[in-house]
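Here is what each chain is made of, one letter per residue.
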Amino acid sequence: MRLVLASQSPARLSVLKAAGVDPVVRVSGVDEDAVAAALTDPAPEQLVVALAEAKARAVLADVAAEHPDCVVVGCDSMLHIDGEMVGKPQTAEQALRRWKAMAGSHGDLLTGHCVVRLADGEVVATASAAETTRVHFADPTPEELDAYIASGEPLRVAGAFTLDALGGWFVTRIEGDPSSVVGISLPLTRSLLVRVGVGVTRIWRSTD
């Protein structure tokens, strides 16, 4: 069975490929700010799940015509730190401010997941949930921080850090699922697939 990833994230794609899946990628183009604004005082988990659901729904019409029997996966990640939910920084200055606040501290990386199963082009099952992983940050030197911001990486990712690339130098440890910090939790996705009636081995690439 084909898995459709409703995300342009190269990190999520890389996690899935390493786990034996060759997804079809469809970019949702969801206005995340509009989705968030439509919610009334959401809990952190509710926010990331709502965004993941919006991304999955946004691609359904196009996907149904091309892949009428498939599962669509939408994800959204945000960092909860100091009582605030933060996504991708908009500017280098904002990324620097965030890192100065995060340095030597910790935050919770939340990733919302939504799995939608299509059969004959129709939605037959949906399952959603969020995964939370605590991330402990190092205290980079000013030179390290300037170089990291200048790389551009923090501007492309939720929370202004990565675990699997340059940002990994500045993460001292995590408590929870590393794949969720990268962008898609393999254990949670497997659980959601089961809930919509799809065993995970059905989406693995063929070895024939």
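Described in the following lines is the structure provided in the data block. None of the values given here were measured: they were computed from a predicted structure.

Take the overall build of the protein chain next. Scanning the protein chain from terminus to terminus reveals seven helices and seven strands. Counting helices and strands in the order they occur from the N terminus, the protein chain gives β-α-β-α-α-β-β-α-β-β-α-β-α-α. By the compact-globule yardstick of 17 Å for 208 residues, the protein chain fits well, its C-alpha radius of gyration being 17 Å. With the principal axes as the frame, the protein chain shows a C-alpha extent of 55 × 45 × 25 Å. When contacts within the protein chain are restricted to residue pairs at least 6 apart in sequence, long-range pairs at least 24 apart make up 71% of them. Carbon together with sulfur atoms contributes 51% to the accessible area of the protein chain, which is approximately 10,000 Å² in total. Placing the 18 positive and 27 negative side-chain charges of the protein chain at their respective mean positions leaves the two points 4 Å apart.

This part is about the packing of aromatic side chains. Applying the stated rule across the entire model yields five aromatic pairs. For the ring pair Trp99 and Phe170, a centre distance of 6.0 Å and an interplane angle of 75° mean the geometry is edge-to-face. With Trp99 in helix α4 (residues 92-102) and Phe170 in the loop between α5 (142-150) and β7 (171-175), the pair connects residues that are 71 residues apart, well separated along the chain. Neither residue differs from the other here; Trp99 and Phe170 are each classed as buried. Linked through ring pairs, Trp99, Phe137, Tyr148, Phe161 and Phe170 together constitute an aromatic cluster.

Moving on, we get to the nonpolar core. By size, the foremost hydrophobic cluster in this structure holds 20 residues, and its most contacted members are Leu3, Val71, Val115 and Ile203. Sorting the residues of this core by element identifies β1 (2-5), α1 (10-18), β3 (70-81), β6 (122-137) and α7 (186-195) as the ones contributing at least two each. Setting aside residues no more than four positions away along its own chain, Leu3 makes contact with Leu16, Val21, Pro23, Val24, Val71, Val73 and Ile203. Within the second largest apolar cluster, 17 residues are counted, among which are Ile149, Ala160, Val171 and Val181.

What follows deals with the state of the cysteines. Evaluated as defined, the whole model comprises zero disulfides. Residue Cys70 stays outside any disulfide, its sulfur separated by 12 Å from that of Cys114, the closest cysteine. Note on Cys70: relative accessible area 0%, which makes it buried. Among the cysteines around Cys75, which has no disulfide bond, Cys114 carries the closest sulfur, lying 9.1 Å off. The class for Cys75 is buried, based on a relative accessible area of 0%.

What follows deals with the pairing of strand β5 (residues 106-119). Burial analysis of β5 places twelve of its 14 residues in the buried class, which makes it a mostly covered element. Pairing geometry for β3 and β5, over eleven bridges, is antiparallel. Bridging across to β5, Val71 finds its partner in Arg117. Judged from the 14 bridges that link them, β5 and β6 form a sheet pairing that is antiparallel. Residue pairing in the sheet places Gly112 in a bridge with Ala130 of β6.

Time to look at α4. Residues of α4 that are buried: Ala95, Arg98, Trp99 and Met102. For α4, the arc enclosing every buried residue in end-on projection is 100°, short of the 170-degree limit, so these residues lie on one face. Residues of α4 that are exposed and point more than 90 degrees away from the buried face comprise Glu93, Arg97 and Lys100. Among the residues trailing α4, Gly104 stands out with phi positive, at a value near 75°.

Reading guide: rules and limits
- Residues numbered from 1 in each chain as written.
- Predicted model: local features only at pLDDT ≥ 70, side-chain atom pairs only at ≥ 80, totals over all residues.
- Heavy atoms only, no water.
- Helix = DSSP H or I, 4+ residues; strand = E, 2+ residues; numbered from the N terminus.
- Rg over C-alpha atoms; globule rule 2.2 N^0.38 Å.
- Contact = heavy atoms within 4.5 Å.
- Areas by Shrake-Rupley, 256 points an atom, 1.4 Å probe, with all protein chains shown as cover.
- Lys, Arg positive; Asp, Glu negative; His and termini not counted.
- Charge placed at Lys NZ, Arg CZ, Asp CG, Glu CD.
- Phe/Tyr/Trp six-rings, centres within 6.5 Å; stacked < 30°, edge-to-face > 60°.
- Buried < 20%, exposed > 50% of the residue type's maximum accessible area, 1.4 Å probe, protein only.
- Core = buried A, V, L, I, M, F, W, Y, C linked by side-chain atoms within 4.5 Å.
- Disulfide = S-S within 2.5 Å.
- Pairing = 2+ DSSP bridges.
- Arc of directions from axis to C-beta.

By themselves, these figures tell us nothing about what the structure is for.
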